[in-house]
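# Descriptive structure summary
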Amino acid sequence: QFQKKDFNLLEQTETLGVGYGCPEDSLISRRAYFNGQSFIASIQKISFFDGFEGGFNFRTLQPNGLLFYYASGSDVFSISLDNGTVIMDVKGIKVQSVDKQYNDGLSHFVISSVSPTRYELIVDKSRVGSKNPTKGKIEQTQASEKKFYFGGSPISAQYANFTGCISNAYFT
């Protein structure tokens, strides 16, 4: 099955995506459709907890689902939908959109930014939330090659897998 195949999304030179359920133009862009039971796993040497920025488009009609997931030991970085709101969870600190549901079938662009002093979530070019991590010892973590997941995870049972399209993901 598709969900059992691991590959690095960032090293794909040709079109990557699953055409079923996405518009036909998805076959010429980097998109994937998730049916609520699937996910994409990849490995990239990135530190999601120190000086990280990433973003992607998503589109769904479902109010709940895990869009992105990464774990290093007990530390988790995730982006999910909960009752239509976007939630970024960094080591247990949650940054959440308010007053708007994003499960409207339209395409939305999420940017997450994580630094030792600030966690920020932007949806559709509007800053929807930011938090300062607790003061105290700032731990620097080494970037290491570990799996991260789009559309769900075999590890996290906290959120249901995502149903919809995810496209144009980037990391810096």
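Below you will find a few notes about this structure. Here the structure is a predicted model, which means the values were calculated and not measured.

## Thoughts on the sheet that holds strand E9 (residues 118-123)
The strand order across the open sheet built from six strands is E1-E12-E3-E8-E9-E10, with neighbouring strands paired in antiparallel fashion. A single partner strand is all that each edge strand has here, and the edge strands are strand E1 (31-35) and strand E10 (126-131). On average, each strand axis in the sheet is inclined to that of its neighbour by 20 degrees, with strand direction left out of account. Judged from the five bridges that link them, E1 and strand E12 (residues 163-171) form a sheet pairing that is antiparallel. Following the sheet pairing, Arg31 is matched in E12 by Ser167.

## Things to note about the packing of aromatic side chains
For the structure shown, the criterion picks out eleven aromatic pairs. The interplanar angle of 75 degrees and the centroid separation of 5.8 Å between the aromatic rings of Phe68 and Phe77 together place this pair among those described as edge-to-face. Looking at Phe68, the relative accessible area reads 2%, which means it is buried. Under the relative-accessibility criterion, Phe77 is labelled buried at 0%. The structure contains a cluster of three or more aromatic residues connected by ring pairs, namely Phe52, Phe56, Phe68, Phe77, Phe148 and Phe150.

Conventions and cut-offs
- Residues numbered from 1 in each chain as written.
- Predicted model: local features only at pLDDT ≥ 70, side-chain atom pairs only at ≥ 80, totals over all residues.
- Heavy atoms only, no water.
- Pairing = 2+ DSSP bridges.
- Helix = DSSP H or I, 4+ residues; strand = E, 2+ residues; numbered from the N terminus.
- Axes fitted to C-alpha atoms, helices over the stretch in contact; angles between N-to-C directions.
- Phe/Tyr/Trp six-rings, centres within 6.5 Å; stacked < 30°, edge-to-face > 60°.
- Buried < 20%, exposed > 50% of the residue type's maximum accessible area, 1.4 Å probe, protein only.

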